[in-house]
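A closer look at the structure
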Amino acid sequence: MSVVDVVKTYAEEITLQLNGLLNLEDVVNLIEKPKFEEQGDLAFPCFTLAKKLRNAPNKIAMELARKVDHPVFEKVVADGPYINAFLNKEMVSKHVLTSILEKGESYGSMKFGRGGNITIDFSSPNIAKPFSMGHLRSTVIGNSLANIVEKCGYDPIRINHLGDWGTQFGKLIVAYKLWGDEELVKEAPIQELLKLYVQFHKEAENDSSLEDDARAWFKKLEDGNEEALSLWKWFRDESLKEFAKIYDLLGVHFDSYHGEAFYNDKMDQVVSLLQESNLLQVSDGAEVVDLTEHDLAPCLIKKSDGATLYATRDLTAAIYRQEKYEFEKSYYVVGHEQSLHFAQIFLVLQKLGYNWAKQLVHIPFGFILKDGKKMSTRKGKVVLLEEVIQEAIQLAEKSIADKNPSLQNKAAVAEAVGVGAIIFHDLKNDRQNNIEFSLGDMLKFEGATGPYVQYTHARACSILRKANSFEAVAITGLNDGYSWSVVKLLMEFQAVIERSFEFHAPSQIAKYLIELSQEFNKYYGNVKVLSDDEELESRLALVKATTIVLKEGLRLLGVKAPDEM
RNA sequence: GUCCCAGUAGCUCAGCUGGAUAGAGCAACAGCCUUCUAAGCUGUGGGUCGCAGGUUCGAAUCCUGCCUGGGACGCCA
């Protein structure tokens, strides 16, 4: 049983009394959650009816409330212009708890995706640059969306579209040849390459010929020049090793690491396709697709020196992915600053006659700001993710030493808590918000945080461990207000997942988990679970069901839920 | 200049497909561990929902204009 079921029942009962004035769907859409606990569990506002019947909403509510009757409702009352229904706590909680225990971690799973593929392009860090806080957002949002989509019955294809191609490599090669040192690079590849990259931009401010050299070297790379290629490969390998450490810590994996370079030999076809379709125009020596009819700037396909651009690769990648995966949807979890770029390539694909272009979705997110401004790699202004993660883990270790020194496998728990804090901090707010970088906020373990949810889960697990035996056979349902608040939230789980899918919003789940934790902690503080009476089994069922939903919800965010902490 | 995103409590944010008395967390203050993990719970104070119009029985929510912050706007990605 879920909210959807009880809402439907309520709507059916109301519709029955309306003689076709409103259809079932209208009524379902009108039903809302009352604002205050004492107003009941479901509310139906009578304003629309008032208009149709030309009668006062309060009167209509009074009349209807008298007529609606169903065993699942304890009572139905008129409250001003609303008809408020109070659910039968015992009956509903019995159903909800039994169903969660039966389904276990598959509670809340849906099948509407019917196994269709959804490709998710996320993380996509740039080779030879450090994995910054900025990439964290794409990584955790994309990873969570993959989990959510899977929970809805789709098959997610996790794609790490590595930034392993482009003029930046020309810059890097120039910088390395001018100032680089093989030994230093071998010792600390990412730091050293970043230094070279930053130095390049500094020197290029006074010497614009460097930019020309960089473009030339990138052209050589694209044409298969051996020296360029071997340097490129070396930079790439070293970077991937570094990234693997981070992904391991975050618990993220990919189905494909095909980055930009992978499409290098596939772009010609796409360019010819554009030509055949008469979409290409020459403008200032570059080849572009004009988009003025859509009020957009033209999409650049080839530079005046014949080298390709970002758009060329993304067009090629989209076509390749459709051919290979036949996706039903294709997500791009990429920063908000690239909105124009994606609008352009989606339009170009449509102009090429691809119907599936409608299934492409750019999922933008806000920046991580430093002092109110976007962080810039070019100036070396980055905060390294790995350092932040390590710091979080150390803090978690300290916390454990302080609060639970006898804990087993401390290291694993500290990692789960530290990493959980960072992931949760990123996911709990709307994607679109810019975030001012704050180490303090990320490392907070109290209040609305990942560790708070994890802690709630661990507490609940602890009760279950202390219960002598728990067969879950004698669940009779619960009737008190504290457990009811928890049960009501438990039955909303599926609806929350659906909403997070619809809006590509992991934050919906994070907010929900906070709320569930708060209600459970109130319950914990007010009700003694382990006391021996006839409701013991039902209370244990509530506790067990809560652990299931908390753990599964955290999993959808990519956060672990230790049994003890 | 054009376009996109945002503006809600001291701070960080929910609420935004219109509905009842605008909510959390942090910070401040005051309580609660001989009883299931105090990373917790309870209480207090704190708001012209950026501003001005409009639509509506009803607007933080929808529309228009303006202000503020961030971003994008051709050879970076």
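What counts and how
- Residues numbered from 1 in each chain as written.
- Chains lettered and ligands numbered in written order.
- Predicted model: local features only at pLDDT ≥ 70, side-chain atom pairs only at ≥ 80, totals over all residues.
- Heavy atoms only, no water.
- Helix = DSSP H or I, 4+ residues; strand = E, 2+ residues; numbered from the N terminus.
- Buried < 20%, exposed > 50% of the residue type's maximum accessible area, 1.4 Å probe, protein only.
- Contact = heavy atoms within 4.5 Å.
- Areas by Shrake-Rupley, 256 points an atom, 1.4 Å probe, with all protein chains shown as cover.
- Lys, Arg positive; Asp, Glu negative; His and termini not counted.
- Charge placed at Lys NZ, Arg CZ, Asp CG, Glu CD.
- Pairing = 2+ DSSP bridges.
- Polar contact = N/O pair within 3.5 Å; in protein donor to acceptor, adjacent residues only side chain to side chain.
- Core = buried A, V, L, I, M, F, W, Y, C linked by side-chain atoms within 4.5 Å.
- Domains from an automatic or database assignment.
- Near = heavy atom within 4 Å.
- Arc of directions from axis to C-beta.
- Buried area = accessible area lost by both parts, 1.4 Å probe.
- Salt bridge = Lys/Arg side-chain N within 4 Å of Asp/Glu carboxyl O.
- Nonpolar A, V, L, I, M, F, W, Y, C, P; charged D, E, K, R; others polar.
- Axes fitted to C-alpha atoms, helices over the stretch in contact; angles between N-to-C directions.
- Parallel < 35°, antiparallel > 145°, perpendicular 65-115°, else oblique.
- Left-handed = near helix turned anticlockwise from the far one by under 90°.
- Phe/Tyr/Trp six-rings, centres within 6.5 Å; stacked < 30°, edge-to-face > 60°.

**Some remarks on the overall build of chain A**
Each helix and strand counted, chain A has 22 helices and 13 strands in total. Across the 565 residues that make up chain A, the buried fraction comes to 53%. Of all intrachain contacts in chain A linking residues separated by at least 6 positions in sequence, the fraction that spans at least 24 positions is 74%. Per element, the accessible surface of chain A, about 25,900 Å² overall, is 47% carbon and sulfur. The distance from the centre of the 65 positive side-chain charges to the centre of the 82 negative ones in chain A is 3 Å.

**Notes on the sheet that holds strand S12 (residues 373–374)**
Here we have 3 strands laid out as an open sheet, ordered S12-S11-S13, and mixed in their pairing. A single partner strand is all that each edge strand has here, and the edge strands are S12 and strand S13 (435–436). In this structure, strand S11 (residues 368–370) lies alongside S13, joined through 2 bridges in parallel fashion. Looking at S13, one finds that Ile368 is bridged to Ile435.

**Overview of the side chain of Thr15**
By the secondary structure assignment, Thr15 is in helix H1 (residues 3–16). Under the relative-accessibility criterion, Thr15 is labelled buried at 17%. Within the structure, the side chain of Thr15 is placed 2.5 Å from the backbone oxygen of Ala11, a separation counted as a polar contact. The residues touching Thr15, leaving out its near neighbours within four places in the chain, are Leu22, Asn23, Leu24 and Val27.

**Some points on the nonpolar core**
Within the largest apolar cluster, 149 residues are counted, with the highest numbers of intra-cluster contacts made by Tyr10, Phe44, Ile83, Met133, Leu250 and Leu490. In terms of residue count, helix H22 (residues 536–557) provides more of this core than any other element does, 12 residues in total. Taken domain by domain, the makeup of this core includes at least three residues from each of domain 1 (3–87) and domain 2 (385–557). Look past the residues within four positions of Leu250 in its chain and what remains in contact with it is Leu136, Thr139, Leu385, Ile389, Val419, Ile423 and Gly558. Counting 26 residues, the second-largest nonpolar core is a separate cluster that includes Ile319, Phe342, Val348 and Ala357.

**Here we look at the protein's contact with RNA strand B**
Near RNA strand B there are 66 residues, and of these Tyr82, Tyr455, Arg459, Ser462 and Tyr524 occur at the shortest range. Restricting the count to atoms of RNA strand B within 4 Å of the protein gives a sugar and phosphate share of 60%. One of the side-chain nitrogen or oxygen atoms of Lys35 is found 3.3 Å away from a phosphate oxygen of RNA strand B. A distance of 3.2 Å separates a base oxygen of RNA strand B from a polar atom in the backbone of Leu530.

**Overview of helix H20 (residues 493–502)**
Among the residues of H20, those classed as buried are Phe493, Val496, Ile497, Ser500 and Phe501. Angularly, the buried residues of H20 cover 140 degrees about the axis, an arc narrow enough to put them on a single face. A positive backbone phi angle near 50 degrees is found at His504, which sits one or two residues after H20.

**Things to note about the domain arrangement of chain A**
Domain boundaries in chain A define domain 1 (3–87) and domain 2 (385–557). In this assembly, 6 residues from domain 1 lie in contact with 7 residues from domain 2. Contact between domain 1 and domain 2 buries roughly 660 Å² in total, counting both sides, with carbon and sulfur atoms accounting for 49%. Joining domain 1 to domain 2, the criterion identifies 2 salt bridges. Among the salt bridges present, the one from Lys488 reaches Asp41, with a minimum N-O distance of 3.1 Å. Summed over the shared surface of domain 1 and domain 2, the number is 5 residue pairs in polar contact (both at pLDDT 80 or more). When the residues that make up the side of domain 1 that touches domain 2 are grouped by side-chain class, the tally is 2 nonpolar, 1 polar and 3 charged.

**Focus on the packing of helix H19 (residues 481–490) against helix H21 (residues 506–526)**
Packing of H19 against H21 brings their axes to within 8 Å, and their N-to-C directions diverge by 160 degrees. Taken together, the axis directions place H19 and H21 in an arrangement best described as roughly antiparallel. When you trace H19 past H21, the crossing you get is left-handed. Between H19 and H21, the contacting residues are Tyr482, Ser483, Ser485, Val486, Leu489 and Leu490 on the first element and Tyr512, Glu515, Leu516, Glu519, Phe520, Lys522, Tyr523 and Asn526 on the second. Per-class residue counts for the contact of H19 with H21 are 8 nonpolar, 3 polar and 3 charged.

**Concerning the packing of aromatic side chains**
Per the stated rule, a full pass over the model turns up 27 aromatic pairs. Judged by centre distance (6.1 Å) and plane angle (85 degrees), the ring pair of Phe112 and Tyr154 falls under edge-to-face. In this pair, Phe112 sits in the loop between helix H5 (89–103) and strand S4 (117–121) while Tyr154 sits in the loop between helix H6 (133–151) and strand S5 (155–159), placing the two residues 42 residues apart along the sequence. Look at Tyr176 and Phe235: their rings are 6.0 Å apart centre to centre, the planes differ by 75 degrees, and that puts the pair in the edge-to-face class. Residue Tyr176 is found in helix H7 (residues 167–179), and its partner Phe235 is found in helix H11 (residues 226–250); the two are separated by 59 residues along the sequence.

**Focus on the environment of Gln269**
By the secondary structure assignment, Gln269 is in helix H12 (residues 267–276). In this structure the C-alpha to C-alpha distance between Gln269 and Pro451, which are 182 residues apart in sequence, comes to 50 Å.

**Here's the deal with the sheet that holds strand S2 (residues 73–79)**
Strands sit in the order S1-S3-S2 across an open sheet of 3 strands; the sheet is antiparallel. Taken across any chain shown, the strands that pair with only one partner, and hence form the sheet edges, are strand S1 (42–45) and S2. For this sheet, the mean angle separating the axes of adjacent strands, direction not counted, is 20 degrees. As paired elements, S1 and strand S3 (residues 82–87) share 4 bridges and run antiparallel to each other. For Pro45, the partnering residue across the bridge sits in S3 and is Tyr82. Across the sheet, H1 lies against S1, S2 and S3, angled at about 40 degrees from S1, the strand it touches most.

**Focus: the environment of Cys46**
With respect to the helices and strands, Cys46 occurs in the loop between S1 and helix H3 (47–53). By relative accessible area, which is 0% here, Cys46 ends up buried.

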